[in-house]
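# Notes for the structure review
Residue strings, one per chain:
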Amino acid sequence: MSLLDCVDLGDVDGVRAALAGLGPAERRALLPELKRRRTAFSVAWWEHSHHHKLALLVAGLGCNTAPSAAFSWASGIGSPAGIVVWQDEAVLAVVDQQSAEWQAEVLRRIADRRPSAWLGDEYPTIERLARATGLPVPVTEGVVLAWQRHHDWPYATTEQRSGMVLRLIQAPSTPALVLGLFEVVGTGDRLGEAWRGAVLGLVEAGVVERGEILDRCLARLARGGRPGDQRGFLRLLEELAPTAQESAARVRAWLSMLDGLPTVAAHAQAQLVELDAEGLLEPEHLVEASATVFFRSEKKLVRAQLAWLDRSGRRSPEWAAVAVRGAVEAFGQTDAALQERAFKVAARHLRAAGPTLLSELQAATELLGPAQAAQAVALFGLDAQAAGDEGPYVELLPPLPRRVPLGGPLDGPVAVAQELAAVLAGDDSVAAFERTLDGLVRESYRDVEALRVALKPVLGGRHWATEHSVWSLPHTWMGLVAAAAFGEVPAVEADAILQGQGPLRADNQERFRAVAAARLEEAAALVVFGRAPFLLATPSYVDGALEASTLVERLAAVEATDGQVGAVDFGQALLRVLPTADPAVLAAAARLRSVKGQQLARWLTEGGLPGQPTERRPAQGLLRPMVTQPGPAPEQEDLLHPVLRRVLGSLVDREGRAIYAIGDIVTPAALAVLPCHREELAARLGNAIVDNARADVKGRALLLPQLVEAGGPAGPAVHLAVACTLGAPSADYRTAAVDALLLLAAQRALDPARLGADLADAVRCGDAPLNRVPLTLRQAAESGAYGTVWSVLRGALPGLLTPEPIRGVPELLSIAADCAARSGATGTLPEVEALAAQRGSSRLLKEARALHAVLAG
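None of the values given here were measured: they were computed from a predicted structure.

What follows is about the confidence of the model for the protein. Averaged over every residue, the pLDDT of the protein is 89; the share at 70 or more is 92%. Throughout residues 78-82 the model reports pLDDT below 50, and contacts reaching past four residues in sequence, or to other chains, amount to 4 contacts. pLDDT under 50 marks residues 384-388. Its contacts with residues more than four places away, or in other chains, come to 7 contacts.

The full count for this structure, using the stated rule, is 0 disulfides. The structure places no disulfide on Cys 6, whose sulfur is separated from the nearest cysteine sulfur, that of Cys 63, by 12 Å. Under the relative-accessibility criterion, Cys 63 is labelled buried at 0%.

Look at helix α26 (residues 413-424): 16 Å from first C-alpha to last across 12 residues, which is about the 16 Å you get at 1.5 Å a residue. Check the buried side of α26 and you find it contacts α27 (430-459) and α29 (478-485). Two residues or fewer past α26, Gly 426 is found with a positive phi of approximately 130 degrees.

Their axes nearest at 10 Å, the elements helix α13 (residues 193-204) and helix α15 (residues 227-240) cross at an angle of 45 degrees. Looking at the two axes, α13 sits oblique to α15. The hand of the α13/α15 crossing is right-handed. Contact residues: Arg 196, Val 199 and Leu 200 in α13; Gly 232, Arg 235, Leu 236, Glu 239 and Leu 240 in α15. Here the residues of the contact of α13 with α15 are counted per class, giving 4 nonpolar, 1 polar and 3 charged.

It is worth spelling out unusual backbone geometry at this point. The residue after Thr 802, namely Pro 803, is reached through a cis peptide bond having omega 0 degrees. Its location among the elements puts Pro 803 in the loop between α45 (786-801) and α46 (809-823). Despite not being glycine, Asp 696 shows a phi value in the positive range, around 55 degrees. Phi at Arg 748 is positive, roughly 60 degrees, even though this residue is not glycine. Of note, Arg 748 is situated in the loop between α42 (731-746) and α43 (752-765).

With that settled, consider the packing of aromatic side chains. Under the defined criterion, the tally for this structure stands at 3 aromatic pairs. With a centroid separation of 5.5 Å and an interplanar angle of 45 degrees, the aromatic rings of Phe 182 and Phe 233 are classed as tilted. Of this pair, Phe 182 sits in the loop between α12 (174-181) and α13 while Phe 233 sits in helix α15; the two residues are 51 residues apart in sequence, bridging distant segments of the chain. According to the relative accessible area criterion, Phe 233 is buried, its value standing at 1%. The ring centre of Trp 118 lies 4.3 Å from the NZ or CZ of Arg 113, which sits over that ring. Taking NZ or CZ as reference, Arg 531 lies 4.6 Å from the ring centre of Phe 529, over its face.

Cut-offs applied
- Residues numbered from 1 in each chain as written.
- Predicted model: local features only at pLDDT ≥ 70, side-chain atom pairs only at ≥ 80, totals over all residues.
- Heavy atoms only, no water.
- pLDDT = per-residue confidence, 0-100.
- Contact = heavy atoms within 4.5 Å.
- Disulfide = S-S within 2.5 Å.
- Buried < 20%, exposed > 50% of the residue type's maximum accessible area, 1.4 Å probe, protein only.
- Helix = DSSP H or I, 4+ residues; strand = E, 2+ residues; numbered from the N terminus.
- Expected span 1.5 Å × (residues − 1).
- Axes fitted to C-alpha atoms, helices over the stretch in contact; angles between N-to-C directions.
- Parallel < 35°, antiparallel > 145°, perpendicular 65-115°, else oblique.
- Left-handed = near helix turned anticlockwise from the far one by under 90°.
- Nonpolar A, V, L, I, M, F, W, Y, C, P; charged D, E, K, R; others polar.
- Phe/Tyr/Trp six-rings, centres within 6.5 Å; stacked < 30°, edge-to-face > 60°.
- Lys NZ or Arg CZ within 6 Å of the ring centre and 35° of its normal.

Now the structure itself:
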């Protein structure tokens, strides 16, 4: 029976027998047919039995006489077939028949695979090939991990573990592979009790040198890594139990470990303390260790380092100087208790160290909190003016943002088609959306045939009705307008759209999404009837804002051509137009003769859409505070399409309760609906912004600063959105909250008392946990806005300290004291003063006393 017949029958033994009777040329001649069968198998591999797959695999492996081609064949057919290729005996029997050079190349290729490509227990194959070729076992990442898994017996008995060690001792590849354990990522996770015992047994048997294992273990821990991976090596190090002499010879390695994970650093610190106690450390080693540890934030490590400095400083003037120099490194700690402890260590050893260190303490005192700063000036004999007076305080705030122009209309049908292709491919930016929408309407009115020629390569065979729905992403809805320009939307459907029966809107649709749907539907209808030369609402800037002069000019041009203006387009233009007091623009608006022209003139004269009054409803339990708005006045509603009236609608239900704006999705396109009305935006989108921050939704952090950049009043809704985001879990959202806070301050729109009260409520309801808020406020303060941060904390502390101080508030008191001291703030707070007067030594009381001391001058 031929080789191909055996493959078709799934006869693996027959394949092996057939291969034995074929020469190299005959094998290569069969490859085209085998490849054709492999292609057929790959299309529906699940329809073929295990024997059929294995027969094909073995046949191809034997007929590919080049080792590189054979390896590629095995790699390609093995995974979809569900076969662990290099573990199957039928495969290995074919491999055994090949030359030593062939097997050596296959060995190299197997060993070089990335670890994720290893399936099952394939390490025995590596040893089998290494013996056959006379080569050493390759020490690659995949081989080391496979070797470790092959010998991993986590629940082995003592007798089985002894047998494991014996086998490792006898294997010639063991020394190189053991050292490989310390170089490959992921081996520490499997370095359990059995493996640690095996390594110790190999050290005892002299298979590997103890000193080299110690060096590699220390280097691995100093290099860092995942906690699980590091844990195995740390336990191995503890079981190795290096002697004092061994540790003293490796001081540099122990010092490097102080930069590692907390558990690793703590172990290294303990070892260095023991070495110091036995007189095996030099003073510069203690200085270096202190500089490393005091750069960390773990309080336990910092306290232990200060205690070590205090003990060492009692030996001699030289060591006292080391203690002082080391202690001042801890002056930069944010915890007032740690600062105080460091200050006491420095003060205790200053006399023994001598006066030569005083000049070095000058800069260090600037890092102390206000409670210790005055004591430092007196103790160190520094001049108060030189120690901290840098002249009048100047608040550093970011520059006011400038609106970015959108740019003129797209130049011709080809440019429109190119921009449409980008939008349909996923570009959902406001600029791309608005320019494409206007371009489709504009070029359809100017020369619809030329536009269709340009659109044909973009649309191809797409059919709007079957490929899109109300649930599609809004940027894909642009296809409806393109289909209208291409002549695929009948006049009957366009007329239904103008009657409010378009295909993109649904019941309970999110409000801002409904605006996009209504605008696109209306634009498609205008294209079908060819009545609109362009759109009125296309913004002047990328944030959606529209210049009043531009809107007046557009409406005058429409009147001159007797063109049609869409109701949604006109209403969106009104909500986007920037207020103006320019007499020339107002006079030009007054000359407009159409009904919409007169409405626009009145709108501009009256200053546009007035801001709605916002009422703040208090937090209830774990529910965040809410805001309500009554909706626009009837005279403004009459000018707006129903979909826009819904956006601005009341946020109070029939029972007078606040409506939680659930379902609203905050996007740049949503912000562009009301680019001059941030309070209305925040009232409707603020909950979504806060929820995004709490869930760490990627790609939406910058939407909060973009909302704050919008014009109009910044009332309770804006402040509440910023306050609830100050405790976001991710650094991106916290940075965005800092940007929003500082931008409000730069605009002189910040109400610090309101934001502080909102922050206290956000902390108590869980929106702004107090383990994160300090990170945000410290970031804002260190940008140079100490006065701004203090003003916010002054408004927040009463709510955080009464009726009972909330857990975590001492850190905020520390930040408040620093900000107040740097900005020159005065004026005591009753809640802080009451705490400062209490007896006790808790951090809360210490921080309260420090803040009160600053405020009391």
